[in-house]
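Single-letter residue listing:
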Amino acid sequence: MPFKGRERGNMSFGAKSASRFAAPRDERSDGYSGGSQERSWRSERPPSRGPDQGAPSRRPFGDGAESKAVGITVESGLVGRIIGRGGSKIRELEESSGSRIKINKGEYECEVSIFGTSSAQQKAKEMIEELVSDGNSRIRNGGGGGGGGGDDRSVWSSSQVKAAEVAPARPQIDWNSIRENKDKFEELKWQDLPPLQKYFYKESSVVSMLTTDEVNEWRKENNNIFVDDLKEEGEKRQIPHPCRTFLEAFELYPEIMENIERVGFVKPTPIQSQAWPVLLSGEDLIAIAQTGTGKTLAYLMPGFIHMDGQPVSKAERGGPGMLVLTPTRELALQIEAECNKYQYKDYKSVCIYGGGDRRGQINLVKGGVDIVIATPGRLNDLQMNELINLRSITYLVLDEADRMLDMGFEPQIMKIILDIRPDRQTVMTSATWPTGVRRLAKSYLKSPMMVYVGTLDLAAVNTVEQTIVILTEEEKKAYLFDFIRNMKPDDKALIFVGKKIKADDLSSDMCLQGLAVQSLHGDREQRDREEALKDFKESRVRILVATDLASRGLDVADITHVFNFDFPRNIEEYVHRVGRTGRAGRSGAAVTLVTRENWRMAPELIHILERAGQEVPTELVLMAERYEKHKREREMFPREGRGGGRGGGRGRRDRDQNWGF
Ligand code: AMP
């Protein structure tokens, strides 16, 4: 109990405490002076104000007569709340109540004496009671503005005062013993799991017969596929040869073959040709590949086979067998569409994402599903509320891991995976391979293999005619409307902007001009976003204004034009955006508006344009040169460069570029 509220009519200090801390009232010149040699907590503070320099200025105690001192007993551990930093709180208490407060410190308890009129005493007492009652943290958080940590001349050292300011001790967690028991708990948690089967591959004889040179040559010709074994200990494993045809991969699985034939695909994409043999062999896999490379089928097909091949029946499993974690609802819905398109063994899939109908999603899960495609936030919500069983999952996919990390999903991913059996098979896809993604891979994949098909989707970009227009911010809108006026009836344009508000602004301007347009960004209701995408896909509207939410994962085959109204935040995003057109063998065009504000991007943009065999405008080259010069100068004179340059320097630029999705 922090506060005993014991009150006495008169303060009767014990002999020891009286001599240490308090001067008897009648010894004071002003009724309560700190001038004595005895050490009261406040007595040695310098005089605060008043004409009399020799003695602290004192306000007389209220208007009325002084009452006897009121005493309160407070636990020693809490007395710091009354004192405050450097005595700031006690001063404040005295000033606002009109009382004088003295503290007599004991080993376990302190006597707090309040002097003054009875109303001042009452006020101070109430304030102190409030301060020391549990849950009150006003002192610690905002108590006065005293310098850091204790008054030098206090009878308590600053460390004592600080210690006293700390909240009451909580029960200690014994981390060592928790660590020691972790393995034991893990074992207990996962005991009684049904057996798991992971190996489903039989290399076809033609694939086995390929020589190393033939394999290397084939990989080189197919987007320069790079494969590696990331196993850290022991000997490296043999990396399976790629499958050059669907039959080489799925000879044993006629139903899969039927599905592929039904949709009419000609041959596996590079990522598929290398990922399928790895995954069917039961290994964990990191696929560095972007949307549009066929990565979804690269993990879905082996996932279907994996689920079907488990020794435990669907009924015994008691929950879903495959989980795909994905950053956005749009991507989740696209993956679900792929699952349905290549329907295998009547597997049921469900999409779980924030903003969708939670109850409906829960009901679907309860009804029994095989594949869960989820965004981490909503799935974690269902998991915490025990509305979904994750123990039955044996095949886990972390799709677009870099994007999930960018969106801050790591804590939810961590919590979700805690409930998935550790001997599962895990696939991770990512467009990039930064430190965060490596860390994730190291934590959740076991001795994975890695397949990589190039950092940037240059293959797609190469089929797109890219035009760069350099102008001012004010000229952009007129340019866009001119572009729209010149669109042909069959054209379909995806217009990218940097801010959600800009998407709304431009699309409403277009509406006012009678144009059929939709907009897609993170502030729109989920239903509206789905509708916008559907309208665009089904060509009810031919113009979609979107933020970068749409640059990845958006799979609309007949986009003829990408129009970058605002330059993207980085060059990878540029490639993603441009890659939304020129798909499935079609040609496409991209128009990109560049202003002086975007000069930092000029060198990288030139690099991309050159590699894709595109024309590089002279103005862009000049811009890049100016930027390189500026960069060199900043390196040489770092101070001058910072904040002083044209446009207000970095701070302003960063503020302006609010790239919310
Ligand atoms: P993804 O990279 O998974 O987003 O796939 C992009 C698009 O490519 C999807 O519409 C797939 O259906 C399609 N696709 C997947 N595999 C192939 C393939 N082998 N040949 C042609 N298209 C494919």
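Please refer to the structure placed before this passage.
Conventions we followed
Residues numbered from 1 in each chain as written. Predicted model: local features only at pLDDT ≥ 70, side-chain atom pairs only at ≥ 80, totals over all residues. Heavy atoms only, no water. Near = heavy atom within 4 Å. Polar contact = N/O pair within 3.5 Å; in protein donor to acceptor, adjacent residues only side chain to side chain. Areas by Shrake-Rupley, 256 points an atom, 1.4 Å probe, with all protein chains shown as cover. Helix = DSSP H or I, 4+ residues; strand = E, 2+ residues; numbered from the N terminus. Buried < 20%, exposed > 50% of the residue type's maximum accessible area, 1.4 Å probe, protein only. Pairing = 2+ DSSP bridges. Right-handed = clockwise from strand over helix to strand, strands pointing away. Axes fitted to C-alpha atoms, helices over the stretch in contact; angles between N-to-C directions. Contact = heavy atoms within 4.5 Å.

So, about the site of the ligand. Around the ligand, 18 residues are found, and the nearest of them are Gln 272, Gly 292, Gly 294, Thr 296 and Asp 555. With respect to the ligand, the side chain of Gln 272 contributes an N or O atom lying 2.8 Å from a nitrogen atom. About the coverage of the ligand: the protein hides 82% of its 500 Å² of free accessible area. For the shell around the ligand, the secondary structure elements donating two or more residues are helix H13 (295–308) and helix H15 (329–341).

Residues in a regular strand project their side chains so that they alternate between the two faces of the sheet. Here strand E15 (residues 543–546) shows a buried face lined by Ile 543 and Val 545 and a second buried face lined by Leu 544 and Ala 546. Bridge count between strand E13 (residues 493–496) and E15: four bridges; the pairing is parallel. Within E15, the residue paired with Ile 495 across the bridge is Val 545. Pairing geometry for strand E14 (residues 517–520) and E15, over four bridges, is parallel. Note that in E15 the partner of Gln 518 across the bridge is Leu 544. Traced from E14 through helix H24 (residues 526–537) to E15, the parallel crossover comes out right-handed.

A word on helix H3 (residues 88–97). All of the buried residues along H3 are Ser 88, Lys 89, Ile 90, Leu 93, Glu 94 and Ser 97. The positive-phi residue at the C-terminal boundary of H3 is Gly 98, with phi of around 80 degrees.

Looking now at the sheet that holds strand E8 (residues 371–374). The eight strands are arranged E4-E11-E5-E10-E9-E6-E8-E7 in an open sheet whose pairing can be described as mixed. Edge positions in the sheet fall to strand E4 (226–229) and strand E7 (349–352), since each has one partner strand and no second. Neighbour-to-neighbour, the strand axes of this sheet turn through a mean angle of 15 degrees, independent of strand direction. The sheet contact formed by strand E6 (residues 322–325) and E8 spans four bridges and is parallel. Its bridge partner lying in E8, Met 322 is registered against Ile 371. Packed on one face of the sheet, helix H12 (residues 270–280) meets E4, strand E5 (285–288), strand E9 (395–398), strand E10 (425–430) and strand E11 (449–452) and runs near 175 degrees to E5.

Positive phi, close to 65 degrees, is recorded for Asp 192, a residue that is not glycine. Tracing the backbone shows Asp 192 in the loop between helix H7 (175–190) and helix H8 (205–208). Although it is not a glycine, Lys 345 sits at a positive phi angle of roughly 50 degrees. By secondary structure assignment, the location of Lys 345 is in the loop between H15 and E7.

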